[in-house]
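# Geometric and topological summary
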Amino acid sequence: MTTSPTEIAASTDAVSDVLRASGPRPARPSALSTSLSFGWRALLKIKHVPEQLFDVTMFPIMFTLLFTYLFGGALAGSTSAYIQFLLPGILVQTVVMITMYTGITINKDIEKGVFDRFRSLPIWRPSPLVGALFGDVVRYSLASVIVLILGLIIGFRPEGGVVGVVASVVLLLVFSFCLSWVWTMIAMIVRTEAAVMGVSMFILFPLTFASNIFVDPQTMPGWLRAFVEVNPVSFLVTSIRSLMAGEPDSSKLMVTAVMCAGFLVIFGPLTMRLYNRKT
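Residues numbered from 1 in each chain as written. Predicted model: local features only at pLDDT ≥ 70, side-chain atom pairs only at ≥ 80, totals over all residues. Heavy atoms only, no water.

## Focus: the packing of aromatic side chains
One pass over the full model with this rule turns up 13 aromatic pairs. Here Phe134 and Phe177 contribute two aromatic rings whose centre-to-centre distance is 6.0 Å and whose plane-to-plane angle is 25°, an arrangement assigned as stacked. With Phe134 in helix α7 (residues 127-153) and Phe177 in helix α8 (residues 161-189), the pair connects residues that are 43 residues apart, well separated along the chain. Given the relative accessible area of 18%, Phe177 is considered buried. One Lys or Arg, Arg241, reaches over the ring of Phe85 and ends 3.7 Å from the middle of that ring. (Phe/Tyr/Trp six-rings, centres within 6.5 Å; stacked < 30°, edge-to-face > 60°. Helix = DSSP H or I, 4+ residues; strand = E, 2+ residues; numbered from the N terminus. Buried < 20%, exposed > 50% of the residue type's maximum accessible area, 1.4 Å probe, protein only. Lys NZ or Arg CZ within 6 Å of the ring centre and 35° of its normal.)

Right, dumping it as structure tokens:
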């Protein structure tokens with residue numbers, strides 16, 4: 001049985017009448033609301049797969065205890081003295097290391113074809129990417145709280161007080177959010193999540209271990225010290241140490257802010273260009 005053109009037209013008119021009767025078309029959602037919706041999606045994924053929190057719960061505890069009691073006595077004479085120097089650095093290492101999971105998660109969505117559906121929606125184009133980063137900021141905050149609580153338990157006493165600690169965490173979250181755009185760009189280039197992890201670790205290991213997180217670079221060989229002193233992680237660690245000590249280093253804070261802006265301005269547009277061309 002075939003449908004005549006007259007019947008098709010009548011059916012279309014009926015649908016149009018129903019849509020008009022249902023009221024005006026809803027307003028297009030804002031960029032912020034759609035980004036927050038995708039951020040909530042990222043958190044719901046953690047709810048259904050709680051093992052994703054392993055890296056922000058167990059790793060911070062392991063790193064803090066391991067490096068404090070492994071190096072504390074040898075480098076500072078006691079763990080209580082070393083934790084004052086180490087904790088701001090280990091806080092940075094913990095959060096910066098887990099930023100790579102942003103790229104891994106996005107790459108997984110791309111492989112499954114989920115992002116193809118997102119790109120077809122009438123929303124702000126970067127929303128899925130920005131939302132994923134918003135969700136990861138919650139993970140970074142959780143890791144920061146765990147490190148700080150553990151540090152206070154084993155003897156860390158920040159002279160900058162609550163204000164210095166809060167300012168340090170805010171700076172770390174901003175830096176991590178901006179750095180995460182590097183991994184989103186990599187997620188658009190490589191084909192598997194294993195490749196994203198491999199490339200990210202290749203970049204992150206030199207940045208975190210060849211820095212001033214664990215020791216003062218004054219005793220390092222000249223060539224290594226030169227790298228450590230221009231390492232973005234070293235600038236961030238020094239900035240956070242100064243805030244927690246109650247003596248903000250304005251020059252280091254300015255350099256850190258410029259680096260954050262650089263990550264965002266350079267890798268944000270590159271990521272969106274690759275995202276729009278992704279098939």
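Now that the structure has been shown, we can carry on.
## Re the environment of Ser239
Relative to the helices and strands, Ser239 resides in helix α11 (residues 232-244). Considered as a pair, Ser239 and Thr256 are 17 residues apart in the sequence and their alpha carbons are 7.5 Å apart. Ignoring anything within four residues of it in the chain, the contact list for Ser239 reads Leu171, Lys252, Leu253 and Thr256. Among the polar contacts listed, one links the side chain of Ser239 to the backbone oxygen of Lys252, at a separation of 3.2 Å. A polar contact of 3.0 Å, which involves the side chain of Ser239, links it to the side chain of Thr256. (Contact = heavy atoms within 4.5 Å. Polar contact = N/O pair within 3.5 Å; in protein donor to acceptor, adjacent residues only side chain to side chain.)

## Examining the packing of helix α4 (residues 79-98) against α7
Following both chains from N to C, one finds α4 and α7 inclined at 155°, their axes separated by 10 Å at the closest point. As summarised for this structure, α4 and α7 are arranged roughly antiparallel, according to the angle between their axes. Seen along the crossing, α4 lies across α7 with a hand that is right-handed. Of the residues in α7, those in contact with Leu87, Ile90, Leu91, Thr94, Val95 and Ile98 of α4 are Arg139, Tyr140, Ala143, Ser144, Val147, Leu148 and Gly151. Residue classes in the contact of α4 with α7 are distributed as 9 nonpolar, 3 polar and 1 charged. (Axes fitted to C-alpha atoms, helices over the stretch in contact; angles between N-to-C directions. Parallel < 35°, antiparallel > 145°, perpendicular 65-115°, else oblique. Left-handed = near helix turned anticlockwise from the far one by under 90°. Nonpolar A, V, L, I, M, F, W, Y, C, P; charged D, E, K, R; others polar.)

## Considering the packing of α8 against α11
Close contact between α8 and α11 brings their axes to 8 Å; oriented N to C, the two are set at 160°. The angle between α8 and α11 falls in the class roughly antiparallel. The element α8 and its partner α11 pack so that their crossing is right-handed. Contact with α8, carried on its side by Gly164, Ala167, Ser168, Leu171, Leu172 and Phe175, involves Pro232, Leu236, Ser239, Ile240, Leu243 and Met244 of α11 and no other residues of that element. Residues that form the contact of α8 with α11 fall into these classes: 9 nonpolar, 3 polar and no charged.

## Points about a nonpolar patch on the surface
Taken together, the side chains of Val162, Val166, Val170 and Val174 present a nonpolar region at the surface, about 340 Å² in accessible area. Its location among the elements puts Val174 in helix α8. (Patch = residues over 30% accessible without salt bridge, like charges linked within 9 Å, V, L, I, M, F, W, Y side chains within 5 Å. Areas by Shrake-Rupley, 256 points an atom, 1.4 Å probe, with all protein chains shown as cover. Salt bridge = Lys/Arg side-chain N within 4 Å of Asp/Glu carboxyl O.)

## Examining the environment of Met220
Mapped onto the secondary structure, Met220 falls in the loop between α9 (193-209) and α10 (222-230). When near neighbours in sequence (up to four residues on either side) are disregarded, Met220 contacts Ser211, Val215, Arg225 and Val228.

## Some remarks on the pattern of salt bridges
The full count for this structure, using the stated rule, is 4 salt bridges. Across the pair Arg41 and Asp109 runs a salt bridge whose closest N-O atoms are separated by 3.3 Å. With a gap of 68 residues between them, Arg41 in helix α2 (residues 31-48) and Asp109 in helix α5 (residues 100-112) connect regions that are remote in the sequence. Taking the relative accessible area as the measure of exposure, Arg41 reaches 26% and is therefore partly exposed. Its relative accessible area of 7% is what places Asp109 among the buried residues.

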